Amino acid sequence: MTVVQEQERLQAMAHGEEPVREDLVLGNPTMRDVTARIASIVESKITMKYLATLSVTGAMAAWGLFALYYTITTGIGVWGLNNPIGWGWDITNFVFWIGIGHAGTLISAILFLFRQKWRTAINRSAEAMTIFAVICALTMVLSHTGRPWLFYWLLPYPNQMAMWVNFRSPLMWDVFAVNTYFTVSALFWFVGLIPDLATLRNYVKSSVAKKVYGVLSLGWTGSTRSWHHYEIAYMILAGISTPLVLSVHSVVSFDFTVGILPGWHTTIFPPYFVAGAIFSGFAMVMTLLVITREILDLKQFITLKHFENMNKIMLATGMMVGYAYILEFFIAWYSGSDWERWIFINRAFGDYAWAYWTMFICNVVSPQVFWFKSARRNIPLMFVISIFINIGMWFERFTIIATTLHHDFLPASWGYYSPTWVEISIFIGTFGIFLTLFLLFAKFVPVIAIAEIKSIMPGAQPTHHHDHHGDAH
Amino acid sequence: MSTKPVGVIGEITDVNLTMKVAEKLRDAGFRNWDIYTPYPVHGLDKAMGIKRSILTYISFAGLLGGISTALGLQFWTGAVDYKLNIGGKGFFDWQFSIPIDFELSILGTAIFTVVGLFHLCRIPTWYNKYQDDESFKKATDDVFVVTIDADDDRFSATETASLLTNLGVGNVHLVHATAN
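Computed from a predicted structure; not experimentally measured.

**Some details on the pairing of strand β1 (residues 5-12) of chain B**
Residues and elements named next belong to chain B. Most of β1 is tucked away, with eight of its eight residues classed as buried. Here β1 runs beside strand β3 (residues 144-149); their pairing, made up of six bridges, is antiparallel. Bridge assignment links Gly7 to a residue of β3, and that residue is Asp149.

Given below as structure tokens:
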């Protein structure tokens, strides 16, 4: 650290700002270096490696879309669902994907409100991930309706039957929550992108790219009169996204809790689902960022400090879900209800015990290594743990859905559920859609929020405030 | 070039000087001027004397619009237009209306905020009178660019330019309109 930086740090502290503990941008680049570095990703030639990866993910997506086509044209009888198990991989995948999205909103909105400067390097890709994950979730939930071409029946619109949707149903709340979530996330993401698209418009050489970024940047100039409104807009969007992210997974959990089935009808579900969503989302951000950082060579911007902070959040949220897993058992016993007690014993030791213990080990045991600083800064290790958590969180949703449904109140109608190739293909397909969209994003959209990175660089903000001080954006 | 200038433009590289120039130009009474920056500079809007944004009111209107739509829709469809008894639940109760009230408030706020932002920033737009100036393009990279428009009452092609130069602004030059 140079003397100048040290002085700036002390000055920032004197103004009541959060002291920067560890450099968030390595190697002291100039602002032009930042522009050039991010723009070079967009301007560089498309490599064979990129095309090869894209064709693999594209093929996965195509295979999934074929399975969807088969489902839609034939009917959801091609899935492994049966009576009593009416929800299987479809809803598991829906909850899984919606949950993944939550980390993006947490990073972009909640960490923004808490003035966590380290979010700036990772918020853009996390927000993109949110949008793509919600697209996958919408794909799952639409296909599970069976006749997705009648999706508009889910919306309140005047029709010839003079009937309206049932607003007392949590499934209806879900329609509103997920669509609001998608719209607000997309708006938030796009508003954040506008200044960076303008930067690219002025930077790129190719005239086609110039035109495309020119149109998308909407004529943004960087005028202080615009920034003045922009910062307020960004703050409001962050402010409303924070309760939104908490509400969306709470509403998703209502799909279960408002029902009266043992194992689902519990008050712990909303916070437990939100913690699990953030947990799984951070794991997915971690998986993607470890790869992106390596391939696009973004080590300067996405540092070990960022990874360490994310690992701490995973450790914390992992223990929250662990607490919920254990508390569920206590409450089942404490409720005195035979059905509740039995369903939880069956969850841990019944037909689906393998799924339960996969979940428990992946989600509760594996993140415990992050108590150690050396583990929090070990990239191969955190990559493996993040994959474990992705798997564990998928199994959490599967366990909740399958164990409650497969043994209902009447032993004569007990059953077991296994997916068919169609459901497995659709799940692979959602990964294909997700990764394809992420790859396209990483190549053609600034993966790092250029303007935000510049605003936290040393010397970016005035050191002497005349009229006021301390009101950060 | 015989056309009248549309304004004068200059470059600043130091953020503290930018603040100083902003305060000086504000105190000199200019109205049609601006400073373009690659990222939001804390306090520069105040230094330029920009009034508080009305965006918060627009957003609040969106919130009110969203929540009244939600309440109105759920009440009218359930308790007025077509009453359906489902499990003996009320036709309308504020308790079950909360999730949708909440989501539509958020949605209304978000849409009004973004539309309001676009309106206040006057985007989308396809034209800016400085757009072809090389200095102007640096404002999205690493330079703070100050412009004073020719239609400002206090503008004078020679004096305004020298005012900027004297304040320490670099590469001060007049900009002429391009055919568009």
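**Considering the pattern of salt bridges**
Counted according to the given criterion, the structure contains 16 salt bridges over all chains. The shortest N-O distance in the salt bridge between Arg26 of chain B and Asp27 of chain B comes to 3.1 Å. With relative accessibility at 58%, the residue Asp27 of chain B sits in the exposed group. Beyond isolated ion pairs, a larger network of salt bridges with shared partners links Glu308, Lys373, Arg376 and Arg377 of chain A.

**Thoughts on the packing of aromatic side chains**
All names here are of chain A. Inspection of every chain in the model, using the stated rule, returns 62 aromatic pairs over all chains. Relative to Phe256, the ring of Trp87 lies with its centre 5.6 Å away and its plane at 85°, an arrangement referred to as edge-to-face. In this pair, Trp87 sits in the loop between α3 (48-74) and α4 (89-113) while Phe256 sits in helix α8 (residues 224-257), placing the two residues 169 residues apart along the sequence. Like Trp87, the residue Phe256 is buried in the burial classification.

**Side note on the interface of chain B and chain A**
Contacts between chain B and chain A engage 68 residues on the former and 66 residues on the latter. Here chain B packs against chain A, burying approximately 6,100 Å² in sum over the two surfaces, 67% of which is carbon and sulfur. Across the chain B-chain A interface, the total number found is three salt bridges. Linking Asp141 of chain B and Arg32 of chain A is a salt bridge whose minimum nitrogen-to-oxygen distance equals 3.1 Å. Where chain B touches chain A, the interface holds 27 residue pairs in polar contact (both at pLDDT 80 or more). Of all the secondary structure elements, the ones that give two or more residues to the side of chain B that touches chain A are α1 (15-27), β2 (33-36), α2 (44-47), α3 (55-81), α4 (94-121) and α5 (134-137) of chain B. Counting residues per element, the side of chain B that touches chain A draws most heavily on α4 of chain B, which supplies 17 residues.

**Here's the deal with the pairing of β3 of chain B**
Among the six residues of β3 of chain B, six are classified as buried, and the element is accordingly described as predominantly covered. The alternating pattern of β3 of chain B places Phe144, Val146 and Ile148 of chain B and Val145, Thr147 and Asp149 of chain B on opposite faces, both of which are buried.

**Remarks on the environment of Ser425 of chain A**
Residue and element names in this part refer to chain A. The topology assignment puts Ser425 in helix α15 (residues 421-444). Given the relative accessible area of 4%, Ser425 is considered buried. Between the C-alpha atom of Ser425 and that of Ser44, which follows or precedes it by 381 residues, the distance is 34 Å. With residues near it in sequence (within four places) discarded, Ser425 still touches Trp63, Gly64 and Ala67.

**Things to note about the sheet that holds β2 of chain B**
Working definition: the strands of a sheet are paired by backbone hydrogen bonds and lie parallel or antiparallel to each other. All names here are of chain B. Pairing within the open sheet is antiparallel, and its four strands lie in the order β2-β3-β1-β4. Among the strands making up the open sheet, the edge pair consists of β2 and β4 (170-176). Strand-to-strand twist of the sheet, defined as the mean angle between neighbouring strand axes without regard to direction, takes the value 20°. Its contacts with the sheet place helix α6 (residues 157-166) against β1, β3 and β4, and it is angled at close to 155° to β4.

**A look at the domain arrangement of chain B**
Here chain B is partitioned into domain 1 (5-52 + 123-176) and domain 2 (55-121). On a C-alpha basis, the centres of domain 1 of chain B and domain 2 of chain B stand 43 Å from each other.

**Quick look at a nonpolar patch on the surface**
Residues Leu142, Phe151, Tyr152, Trp153, Leu154 and Leu155 of chain A make up a contiguous nonpolar surface patch of roughly 530 Å² in combined accessible area. Here Phe151 of chain A shows up in the loop between α5 (123-144) and α6 (170-203).

**Points about the environment of Gly432 of chain A**
Residue and element names in this part refer to chain A. Mapped onto the elements, Gly432 comes out in helix α15. Sequence separation between Gly432 and Met48 is 384 residues, and the spatial gap between their C-alpha atoms is 19 Å. Setting aside its immediate chain neighbours within four residues, Gly432 contacts Thr57, Met60 and Ala61.

**What to know about the side chain of Glu423 of chain A**
Residues and elements named next belong to chain A. For Glu423, the location among the structural elements is in helix α15. One buried charge, Glu423, has no salt-bridge partner; the nearest side chain with opposite charge is Arg397, at 17 Å. Reaching out from Glu423, the side chain makes a polar contact with the side chain of Tyr417 at a distance of 2.5 Å. Contact partners of Glu423, with chain neighbours within four places excluded, come to Trp79, Gly80, Leu81, Trp89 and Tyr417.

**Comments concerning the packing of α5 of chain A against α6 of chain A**
Residue and element names in this part refer to chain A. The geometry of α5 relative to α6 is characterised by a closest axis approach of 10 Å and an angle of 150° between their N-to-C directions. Of the possible angle classes, the one that applies to α5 and α6 is roughly antiparallel. The two elements α5 and α6 cross, and the hand of that crossing is left-handed. Counted together, Arg124, Glu127, Ala128, Thr130, Ile131, Val134, Ile135 and Leu138 of α5 and Val178, Asn179, Tyr181, Phe182, Ser185, Ala186, Phe188, Trp189, Gly192, Leu193 and Asp196 of α6 form the full contact between these two elements. The class makeup of the residues in the contact of α5 with α6 is twelve nonpolar, four polar and three charged.

**Quick notes on unusual backbone geometry**
Residue Pro84 of chain A is reached from Asn83 of chain A by a cis peptide bond, and omega for that bond is 20°. Residue position: Pro84 of chain A is located in the loop between α3 and α4. Of note in this structure, Arg122 of chain B is not a glycine but carries a positive phi near 55°. Mapped onto the elements of the fold, Arg122 of chain B is located in the loop between α4 and α5. For Arg122 of chain B, a relative accessible area of 65% translates into the label exposed.

Scoring rules and cut-offs
Residues numbered from 1 in each chain as written. Chains lettered and ligands numbered in written order. Predicted model: local features only at pLDDT ≥ 70, side-chain atom pairs only at ≥ 80, totals over all residues. Heavy atoms only, no water. Buried < 20%, exposed > 50% of the residue type's maximum accessible area, 1.4 Å probe, protein only. Helix = DSSP H or I, 4+ residues; strand = E, 2+ residues; numbered from the N terminus. Pairing = 2+ DSSP bridges. Salt bridge = Lys/Arg side-chain N within 4 Å of Asp/Glu carboxyl O. Phe/Tyr/Trp six-rings, centres within 6.5 Å; stacked < 30°, edge-to-face > 60°. Contact = heavy atoms within 4.5 Å. Buried area = accessible area lost by both parts, 1.4 Å probe. Polar contact = N/O pair within 3.5 Å; in protein donor to acceptor, adjacent residues only side chain to side chain. Axes fitted to C-alpha atoms, helices over the stretch in contact; angles between N-to-C directions. Domains from an automatic or database assignment. Patch = residues over 30% accessible without salt bridge, like charges linked within 9 Å, V, L, I, M, F, W, Y side chains within 5 Å. Areas by Shrake-Rupley, 256 points an atom, 1.4 Å probe, with all protein chains shown as cover. Lys, Arg positive; Asp, Glu negative; His and termini not counted. Parallel < 35°, antiparallel > 145°, perpendicular 65-115°, else oblique. Left-handed = near helix turned anticlockwise from the far one by under 90°. Nonpolar A, V, L, I, M, F, W, Y, C, P; charged D, E, K, R; others polar.

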